[in-house]
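Secondary and tertiary structure notes
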Amino acid sequence: MDVLQKSSERIPLSQRPEYADVKPVPQDDGPNPIVPISYTDEFRETMDYFRAIYVADERSLRALQLTTEAIKLNPGNYTVWQFRRLVLEALNADMNKELDFVDGIVEGIVEGNSKNYQIWHHRRWVAENLGTDASTRELEFTKTILSKDAKHYHAWSHRQWVLQALGGWKDELTYCELLLKDDIFNNSAWNQRYFVVTRSPLLGGLGAMRESEVTCTVNAIMEHPENESPWRYLRGLYRNDTHALVKDPQVASVCLKILTAKNNYVHALSMLLDLLCHGFQPSLEIRNAVYGLSDSGAQGSDLVKVVCSILELVDPMRANYWKWRRNIVPAQAAQCLKDDGLTGLSL
Amino acid sequence: MGELAVEKHVKFILTIEKEKDSFESVVMEHIRLNGAYWALTTLDILGKLNTVDQDEVVSWMMQCQHESGGFGGNIGHDPHLLYTLSAIQVLALFDKIDALDIDKVSNYIAGLQNNDGSFSGDMWGEIDTRFSCVAILSLALLKRLDKINVEKAVNYIVSCKNLDGGFGCTPGAESHAGQIFCCVAALAVTGSLHHVDKDLLGWWLCERQVKSGGLNGRPEKLPDVCYSWWVLSSLIMIDRVHWIDKEKLIKFILDCQDKENGGISDQPEDAVDVFHTYFGVAGLSLLEYPGLKAIDPAYALPVDVVNRIFFGR
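Residues numbered from 1 in each chain as written. Chains lettered and ligands numbered in written order. Predicted model: local features only at pLDDT ≥ 70, side-chain atom pairs only at ≥ 80, totals over all residues. Heavy atoms only, no water.

What follows is about the overall build of chain A. Within chain A, the secondary structure is distributed over 17 helices and zero strands. Residues counted as buried form 53% of the 347 residues belonging to chain A. Long-range pairs, those at least 24 residues apart, make up 64% of the contacts in chain A with a sequence separation of at least 6. In the structure as shown, chain A presents an accessible area of about 16,000 Å², 53% of it carried by carbon and sulfur atoms. (Helix = DSSP H or I, 4+ residues; strand = E, 2+ residues; numbered from the N terminus. Buried < 20%, exposed > 50% of the residue type's maximum accessible area, 1.4 Å probe, protein only. Contact = heavy atoms within 4.5 Å. Areas by Shrake-Rupley, 256 points an atom, 1.4 Å probe, with all protein chains shown as cover.)

Shown next as structure tokens:
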């Protein structure tokens, strides 16, 4: 909800000569009880005048001004934005100035209300009109929004559109790295990282980037093993190539380190399960690290069972999930070994 | 554990609907149709739909329809897919879908499908998987799915699938529980759930449950009652709801009630609104909280309403 600024300088529309011939149109909403609050009067008057102009389809400068005032009072009203676009087109307006206008609206909005589809869609329409020249400005704009809320979904969506439609990929990976340095838990930044690595025309694609990306990811995991995002990112790097995931010594090694440290090991155990179901042959150290986490001193027991028992204990909210994995991983692992022609080996 | 303050919530909703000049009502006037859907569906789940003047609502709503067949968010507002779905859903609640010129509405919706299978929200061209969902649910309820290219629609949604099994608003966009609901519901309704990696997505979804028992929408974000709907319905549609702790979630939702004045908020102690009241009640229904009507996880309408549409009385 927008916080309206006290507009002591505002002249009511009914007193402005340039709107003298406009007959305001009230919202047809049913019976009208009393209106106790003064700023609702301002709002109501502005919308009544807007409706008059809208119904008359008047695409003039004063129409533009009305949409400006209506938007400032309520940036969520999509009909006003749409009419504004019609007026801008009719007036052949300066699109750079329009970006200035949107900047102003966003700045004037209380925290949380730039999460409004209308503003972003309007921005995109304006930028589309400007073409590739707008790329730098739009990347800067989203950067500003993200500096206040680094997970702002609309800003990220806009930024992705800008990169693909208007270009500007050069510094994007560096930008992701900066954001992750600020907050290694920022899932949006991890997502953007994947976006850049897989889609940037300036990088070599996932194949070329994988090794360096794995190293970065593993470092992030070591910093905070409880961080969900890099674990998923790691799996993403090996999408469609689980053999390579299983064979990558960095992956097994990071699991071992975390399990040995006995701290924040839930995701490490979960990764171990994933490895096991794809045919991973755990070393003795890994086995011992797992047994070391278990109360029941389960030496020599089925590794999958032990891992899942630990997880059911330390992550009880998802106990059913871990129970399910306990049942299914051995079957998946057996299938994998069979596919590799390695039957007879046990876990 | 607390209880659901049904009478208070009903009173809250009926008051909101009457207070057309409150500040909230006035600033939200352009999405009043959405508000009507949230309010009325909640009332129906609570067994109190009959407290509303059906004719008044329907007659107001039909005035929101345009020549094109689409509905605007209120009288005098431009048509958009979002409000068109809300209109269809409200008419479904009242068993009045036949008040519509079904061909006209479905032509409006079908006309918004793009070449790549995606849907624009309206003539201005914003594309988002939310609109794919809304278009598909609308046409399914109208029994006119044949008016669009379903295969292309499905392919577009699948192109928005991410490495974590989730879905974003466009290809490459971050997985988000709201978008996931939209994609999974659309795939469910078109018989295309085989495109979903249910185990992978189920795990991502069950990881949304945080210590308080509430659900967030993305990793490392705060829980919010509305995710009780989006995450939960998605889990139900892919058959993995047993992977979360239902009791803890019920407790979280109940803690978000304003037991004195009615209504449910996004988090405990925050201000209530009709949006979160709907999602809280709908979430509790999915969790089989006693005394509530069952709700369909894909259509977001009571099951008896959906059955009436697809299987007759």
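Let us now look at the overall build of chain B. Across its full length, chain B carries 14 helices and two strands. The globule rule puts the C-alpha radius of gyration for 313 residues at 20 Å, and the 18 Å found for chain B is close to it. When its C-alpha atoms are laid out on the principal axes, chain B stretches across 50 × 45 × 40 Å. Here chain B holds 313 residues, and the buried ones make up 65% of them. When contacts within chain B are restricted to residue pairs at least 6 apart in sequence, those whose partners lie at least 24 apart make up 66%. On chain B, roughly 11,000 Å² of surface is accessible, and the fraction owed to carbon and sulfur atoms is 51%. (Rg over C-alpha atoms; globule rule 2.2 N^0.38 Å.)

All names here are of chain A. Packing of helix H7 (residues 153-166) against helix H8 (residues 172-182) leaves a shortest axis separation of 13 Å and a crossing angle of 160°. Compared by their axis directions, H7 and H8 come out roughly antiparallel. Crossing angle aside, the handedness with which H7 passes H8 is left-handed. Taking contact as the criterion, the partners of Trp156, Arg159 and Leu163 in H7 are, on H8, Glu172, Tyr175 and Leu179. Residues belonging to the contact of H7 with H8 are distributed by class as follows: four nonpolar, no polar and two charged. (Axes fitted to C-alpha atoms, helices over the stretch in contact; angles between N-to-C directions. Parallel < 35°, antiparallel > 145°, perpendicular 65-115°, else oblique. Left-handed = near helix turned anticlockwise from the far one by under 90°. Nonpolar A, V, L, I, M, F, W, Y, C, P; charged D, E, K, R; others polar.)

The subject of this paragraph is helix H17 (residues 319-339) of chain A. The end-to-end C-alpha distance of H17(A), which contains 21 residues, comes to 30 Å, matching closely the 30 Å that a straight helix rising 1.5 Å per residue would cover. Maximal helix bending in H17(A) amounts to about 35°, located at A:Ile328; proline A:Pro330 follows within four positions. Three or more residues of H17(A) are buried, namely A:Ala319, A:Tyr321, A:Trp322, A:Arg325, A:Val329, A:Ala333, A:Cys336 and A:Leu337. As for H17(A), its buried residues are in contact with helix H14 (266-277) and helix H16 (303-314) of chain A together with helix H10 (198-206) of chain B. Just past H17(A), the residue A:Gly341 takes up positive phi, approximately 70°. (Expected span 1.5 Å × (residues − 1). Bend = angle between axes of the 7 residues up to and from the residue.)

This part is about the environment of A:Leu179. Checked against the element boundaries, A:Leu179 lands in helix H8. The residues touching A:Leu179, leaving out its near neighbours within four places in the chain, are A:Trp156 and A:Ala189.

Right, let's get into the interface of chain B and chain A. The partner chain A presents 53 residues to the 58 residues of chain B that form the contact. Here chain B is connected to chain A by two salt bridges. When the shortest N-O distance is used, the salt bridge between A:Glu228 and B:Arg208 registers 2.5 Å. Viewed at the interface, chain A and chain B are joined by 23 residue pairs in polar contact (both at pLDDT 80 or more). Secondary structure elements with two or more residues in the side of chain B that touches chain A: helix H2 (23-27) and H10 of chain B. Looking at the side of chain B that touches chain A residue by residue, the class counts come to 19 nonpolar, 17 polar and 22 charged. (Salt bridge = Lys/Arg side-chain N within 4 Å of Asp/Glu carboxyl O. Polar contact = N/O pair within 3.5 Å; in protein donor to acceptor, adjacent residues only side chain to side chain.)

Below, the discussion takes up the nonpolar core. Counting residues in hydrophobic clusters, the biggest one holds 219 residues, and the most contacted among them are B:Leu40 and B:Phe167. A total of 10 residues in this core trace back to one element, the largest contributor, which is helix H9 (residues 177-189) of chain B. There are two domains that each give this core at least three residues, and those are domain 1 (12-93) and domain 2 (245-339) of chain A. Excluding anything up to four places from it in sequence, B:Leu40 contacts B:Leu49, B:Val52, B:Val57, B:Val90, B:Leu93 and B:Phe94. (Core = buried A, V, L, I, M, F, W, Y, C linked by side-chain atoms within 4.5 Å. Domains from an automatic or database assignment.)

Moving on to the packing of helix H10 (residues 206-223) of chain A against helix H11 (residues 228-237) of chain A. Residue and element names in this part refer to chain A. Contact geometry of H10 with H11 gives a least axis separation of 10 Å together with a crossing angle of 160°. By the criterion of interaxial angle, the relationship of H10 to H11 is roughly antiparallel. Note that H10 runs across H11; the crossing there is left-handed. On H11, the residues touching Leu206, Arg210, Glu213, Val214, Thr217, Ala220 and Ile221 of H10 are Pro230, Trp231, Tyr233, Leu234, Gly236 and Leu237. Counted by class, the contact of H10 with H11 contains nine nonpolar, two polar and two charged residues.

Scope: geometric values only; no functional claims are made or implied.
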